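Each chain, written out:
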Amino acid sequence: MIQRAVDNLLAVTKESVKTITYESLNNILRLINGLSAMLLAILPGKTNMLEGIHGWELRPAFRGPRLPRWMENGVSSFNQFVHELSVESDSASSVDYSSGDEMDSDDDDDDYISPASPSSHSSRFSRASSYTKREKNWPHWILSIFMWLLLPARLMIGIPLYLYSLIFIRDSKGANRIAGRFRNSNAPAGRKSLDHVVERATDRRRGVIEDLHLGMEIVIETVFDGIHKVAACVLSPFESIRVLLRWSSPNDDESAYVATATLAKDDPTPTERKTRLNNSLNTDGRTCEDVITELGYPYEAINVVTADGYVLLLERIPRRDSRKAVYLQHGVFDSSMGWVSNGVVGSPAFAAFDQGYDVFLGNFRGLVSREHVNKNLSSREYWRYSINENGIEDIPAMIEKIHQVKTSELEPDTDETNTNTNTEQPYKLCAICHSLGGAAILMYLITRRIQEKPHHLSRLILLSPAGFHHDAPFPFTALEYLLLWFSPILQPLVPAFYIPTRFFRMLLNKLARDFHNYPAVGGVVQTLFGYLLGGDSSNWVGVIGLPHYNMNDMPGVSFGIALHLAQMKRAKKFRMFDYGSAPANMAVYGSPEPLDLGEFYGLIDVPVDVVAGRKDKVIRPSMVRKHYRLMRDAGVEVSYNEFEYAHLDFTFSHREELLGYVMSRLRLVAPNVKQKGLRLKKKDQEVVDKKEVF
């Protein structure tokens, strides 16, 4: 009777502490979210971001994610959240901790879905899974009263043993059980839509707020479990001795292991694996491979080594027998993930594959993992490159690999010597490039033409290409002066721009989840990003939630690339990197000034489609039109189109209109057509004399 009364008192107290703690935290979060919503309502043109916030729908424009489940309908009990998502999975494990009466009562309440108070089924369930129920009888109580006389001895022996058991045995199981509830709550329940991969990726991880809830759950459970053990030690000395004997048994260590099995292995027999709470921080570290394969598409990874030793990842959605291929190249702070981030319907990579193309996804150098053949290469040396290296090292290496792979698959009898000398190729390769990728592919094509080497390309589709930047918002102008004036000081100190530590990358990964859970806060962050980037309305909050920004790796930008862009903006020209002095430039280019690529657009011998975004503030339409005018004046077969897009909408947003346009341009290229010969205009003949420079 005394033990049961103590258990009930502790259970009610524990649930009360949980409720007060969770409600206090949720009220603070509601206040922050509400203040953020008020700020968005005050800022001009930002009220449309409030659409999707429960109870604050103002204008139906922004479809933001809903608030967390435990905050809907006025019920924010964290226990309800845990109960609703894990009652089925935890009901089996609670048998070991429940008495017969509790199990019967739980069976009667299986249809109870929404507990509203600590005294409901969730509280009984929590007590049943936390405390050990024992049947008491009068002889036992007589012995217990007798053992009260030995209280000092019991305290000296029992409490240390219980504390040891609490720390090294029970807590590891309890923490893993609680963490398992959260992992189960984030797993997909049944078949979901194949679209909106960004949202699915976000739903797979916990945010900082959810981690805080989890930590509070563990702390409260641990504290009250310790109090319960102390009380049980005092009230039940015989039970303490029994636990001591059980602890001393060597077979008890098996409780720290769980049986696991991995599908697709040769031996699927379950093996023992020790589980720890800190093994998984629940961040979404999926790769482009994971996204492609989970949607049912084939995948192939090809490692490409550049001439200067950088190891690049060329990813592929293979159609080995296809005679039409497409190469997609990302922009700054991006990776191949951008081309598959909108699921089956909205991603250019999947759309091209479904149209019969062999799809290749390029990745520039510039990952935090610093893949290089020289494993001892320092960080400063690794990040010492500009857009020059993207255009004359990275893209040539990847396109040559594509040419080698496609030729060997379509013409397996052709040896390597014939492949290099034959101007006819058995496939047609189109390139779709965004932002920095557009500038790099133009640099690649022009330099290959100067070298009189085949570029293997049949068509270019440039989505908001970089190159001209003198018409830019004030923040970019300020950054230009900062980089140009202080580059001698900044470059040794800041070799690249990225999040340097695993902890802060993990924090960014989790904050992205919180920005989706609290849309008003996410709207404020989105507004700040927009102001810092000249008013561009791209979905910056959604982009930082992509899995390629994870605690293990992320795409970065070297200081040389940023300086190169600043040089282009200052010179108002699309030109190669300026090494700072006439002798240095002479050694690289054979002239005191860097090569002005815009002057040699006449060397482009393939059709080019240039696309701009009217809402793009990063690369304004006027700068994209300059590419178009120079190509048109040079006699290039070029087209120009504009859409109502911001800068990142070309890759990260589901735009059916854009996909339809891109696919229509790809279909203009018929397979099995010879590549145009290297016919140079007389006025461009002087450029050929510089071919030895490259």
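Residues numbered from 1 in each chain as written. Predicted model: local features only at pLDDT ≥ 70, side-chain atom pairs only at ≥ 80, totals over all residues. Heavy atoms only, no water.

Some details on the overall build of the chain
- Each helix and strand counted, the chain has 26 helices and twelve strands in total.
- Burial analysis of the chain (694 residues in total) assigns 52% to the buried set.
- Contacts in the chain between residues at least 24 apart in sequence constitute 77% of all its contacts with a sequence separation of at least 6.
- Element-wise, carbon and sulfur atoms account for 58% of the exposed surface of the chain, whose accessible area totals about 32400 Å². (Helix = DSSP H or I, 4+ residues; strand = E, 2+ residues; numbered from the N terminus. Buried < 20%, exposed > 50% of the residue type's maximum accessible area, 1.4 Å probe, protein only. Contact = heavy atoms within 4.5 Å. Areas by Shrake-Rupley, 256 points an atom, 1.4 Å probe, with all protein chains shown as cover.)

Considerations on the nonpolar core
- By size, the foremost hydrophobic cluster in this structure holds 85 residues, and its most contacted members are Tyr 327, Ile 441, Leu 460, Ile 604 and Met 631.
- At ten residues, helix 16 (residues 436-450) tops the list of elements feeding residues into this core.
- The contacts of Met 631, once residues within four sequence positions are left out, are Leu 442, Leu 462, Tyr 601, Ile 604, Val 608, Val 610, Val 636 and Val 638.
- The next biggest cluster of nonpolar side chains, apart from the first, holds 36 residues, and it includes Leu 295, Tyr 299, Leu 328 and Ile 432. (Core = buried A, V, L, I, M, F, W, Y, C linked by side-chain atoms within 4.5 Å.)

With respect to the packing of aromatic side chains
- Counting across every chain of the model gives 17 aromatic pairs.
- Summarising the aromatic geometry, the rings of Tyr 628 and Tyr 640 are spaced 5.5 Å apart at their centres and angled 40 degrees between planes, so their arrangement reads as tilted. Separated by twelve residues along the polypeptide, Tyr 628 in helix 23 (residues 621-633) and Tyr 640 in strand 12 (residues 638-643) bring together distant segments of the chain.
- For Tyr 640, a relative accessible area of 23% translates into the label partly exposed. (Phe/Tyr/Trp six-rings, centres within 6.5 Å; stacked < 30°, edge-to-face > 60°.)

What to know about the pairing of strand 6 (residues 358-362)
- Of all five residues in strand 6, five are buried, a share of seventy percent or more.
- Across the two faces of strand 6 the burial is the same, with Asp 358, Phe 360 and Gly 362 and Val 359 and Leu 361 all buried.
- Of the pairings in the sheet, the one linking strand 4 (residues 311-317) to strand 6 comprises three bridges and is antiparallel in character. Following the sheet pairing, Ile 317 is matched in strand 6 by Val 359.
- Here strand 5 (residues 324-329) pairs with strand 6 via five bridges, running parallel. Directly across from Ala 325, in strand 6, lies its bridge partner Asp 358. (Pairing = 2+ DSSP bridges.)

Concerning unusual backbone geometry
- Non-glycine residue Arg 370 carries a positive phi angle of around 55 degrees.
- Although it is not a glycine, Ser 435 adopts a positive phi angle of roughly 55 degrees.
- Summarising the element assignment, Ser 435 is placed in the loop between strand 7 (428-434) and helix 16.

Here's the deal with a nonpolar patch on the surface
- On the surface, Leu 479, Tyr 481, Leu 482, Trp 485, Phe 486, Ile 489 and Leu 493 cluster together into a nonpolar patch covering about 750 Å² of accessible area.
- We classify Leu 479 as partly exposed; its relative accessible area is 41%. (Patch = residues over 30% accessible without salt bridge, like charges linked within 9 Å, V, L, I, M, F, W, Y side chains within 5 Å. Salt bridge = Lys/Arg side-chain N within 4 Å of Asp/Glu carboxyl O.)

Let's talk about the pattern of salt bridges
- Overall, the coordinates contain 28 salt bridges when judged by the stated rule.
- Ionic pairing is found between Asp 211 and Lys 510, a salt bridge with its closest N-O pair at 2.6 Å. Taken as a pair, Asp 211 in helix 8 (residues 208-235) and Lys 510 in helix 18 (residues 502-517) lie far apart in primary sequence, 299 residues in all.

Overview of the packing of helix 14 (residues 387-410) against helix 16
- As a packed pair, helix 14 and helix 16 sit with axes 8 Å apart at the nearest point and diverge in direction by 75 degrees. Classified by the interaxial angle, the pair formed by helix 14 and helix 16 is roughly perpendicular. Taking contact as the criterion, the partners of Ile 387, Asn 388, Asn 390, Gly 391, Ile 392, Ile 395, Pro 396, Ile 399 and Glu 400 in helix 14 are, on helix 16, Leu 436, Ala 440, Ile 441, Met 443, Tyr 444, Thr 447 and Arg 448.
- Of the residues assigned to the contact of helix 14 with helix 16, the class counts are ten nonpolar, four polar and two charged. (Axes fitted to C-alpha atoms, helices over the stretch in contact; angles between N-to-C directions. Parallel < 35°, antiparallel > 145°, perpendicular 65-115°, else oblique. Nonpolar A, V, L, I, M, F, W, Y, C, P; charged D, E, K, R; others polar.)

Considerations on helix 16
- Under the 1.5 Å per step criterion, the end-to-end length of helix 16 is 21 Å for 15 residues, consistent within 8% with the ideal 21 Å.
- Burial analysis of helix 16 places 15 of its 15 residues in the buried class, the great majority of the element. (Expected span 1.5 Å × (residues − 1).)

With respect to the sheet that holds strand 11 (residues 608-613)
- Read across the open sheet, the eight strands follow the order 3-4-6-5-7-8-11-12; overall the sheet is mixed. Two strands bound the open sheet, and with one partner strand each, they are strand 3 (300-305) and strand 12. Taking the axes of each pair of neighbouring strands and ignoring which way they run, one obtains an average angle of 20 degrees across the sheet.
- Against the sheet, helix 14 engages strand 3, strand 4, strand 5, strand 6 and strand 7, with an angle of about 45 degrees to strand 4.

A few points about the side chain of Arg 365
- The topology assignment puts Arg 365 in the loop between strand 6 and helix 13 (379-382).
- With residues near it in sequence (within four places) discarded, Arg 365 still touches Thr 306, Asp 308, Tyr 310, Leu 312, Tyr 382, Tyr 385, Glu 389, Asn 390, Glu 393 and Asp 394.

Some thoughts on the packing of helix 14 against helix 21 (residues 559-571)
- Put simply, helix 14 and helix 21 touch, their axes get as near as 8 Å, and they point 105 degrees apart. Considering the angle they form, helix 14 stands roughly perpendicular to helix 21. Contact residues: Ile 387, Asn 388 and Asn 390 in helix 14; Ile 561, His 564, Leu 565 and Met 568 in helix 21.
- Considered class by class, the residues forming the contact of helix 14 with helix 21 number four nonpolar, three polar and no charged.

Digging into empty space enclosed by the protein
- Evaluated as defined, the whole model comprises five cavities of 30 Å³ or more.
- If you add up the space inside the second largest cavity, you get close to 130 Å³.
- His 330, Asp 334, Phe 364, Arg 365 and Gly 556 are the residues nearest the centre of the second largest cavity, which is lined by 18 residues in total. (1 Å grid on protein atoms, 1.4 Å probe; cavity = no way out; pocket = protein on both sides within 12 Å on 5 of 7 lines; lining within 4 Å. Points joined across faces, edges and corners; volume = space filled by probe spheres on them.)

Re the side chain of Arg 575
- Among the structural elements, Arg 575 can be located in the loop between helix 21 and helix 22 (582-589).
- Here Glu 593 takes part through its side chain, which lies 3.5 Å from a polar atom of the side chain of Arg 575.
- If near-sequence neighbours (up to four positions away) are discounted, Arg 575 is found in contact with His 564, Met 568, Glu 593, Pro 594, Leu 595, Asp 596 and Leu 597. (Polar contact = N/O pair within 3.5 Å; in protein donor to acceptor, adjacent residues only side chain to side chain.)

Overview of the pairing of strand 5
- Here strand 5 lies mainly inside the structure; five of its six residues are buried.
- Where strand 5 and strand 7 come together, six bridges link them in parallel fashion. From the neighbouring strand, Lys 324 faces strand 7, where its bridge partner is Lys 428.

Let's talk about helix 18
- Here helix 18 is 16 residues long and its end C-alpha atoms lie 23 Å apart, about the 22 Å a rise of 1.5 Å per residue gives.
- Within the span of helix 18, buried status applies to Arg 505, Met 506, Leu 508, Asn 509, Lys 510, Ala 512, Arg 513, Asp 514, Phe 515, His 516 and Asn 517.

As for the confidence of the model for the chain
- Confidence in the prediction of the chain, expressed as mean pLDDT, is 74, and 66% of residues score 70 or more.
- A low-confidence stretch, residues 52-137 stays under pLDDT 50, and its non-local contacts, those more than four residues away or across chains, total 159 contacts.
- Note on residues 252-258: pLDDT under 50 across the span, and 13 contacts to partners over four residues away in sequence or across chains. (pLDDT = per-residue confidence, 0-100.)

A few points about the environment of Arg 319
- Checked against the element boundaries, Arg 319 lands in the loop between strand 4 and strand 5.
- Here the alpha-carbon distance between Arg 319 and Tyr 357, two residues 38 residues apart in the chain, equals 6.7 Å.
- Beyond its immediate sequence surroundings of up to four residues, Arg 319 is in contact with Phe 353, Asp 354, Gly 356, Tyr 357, Asp 358 and Lys 406.

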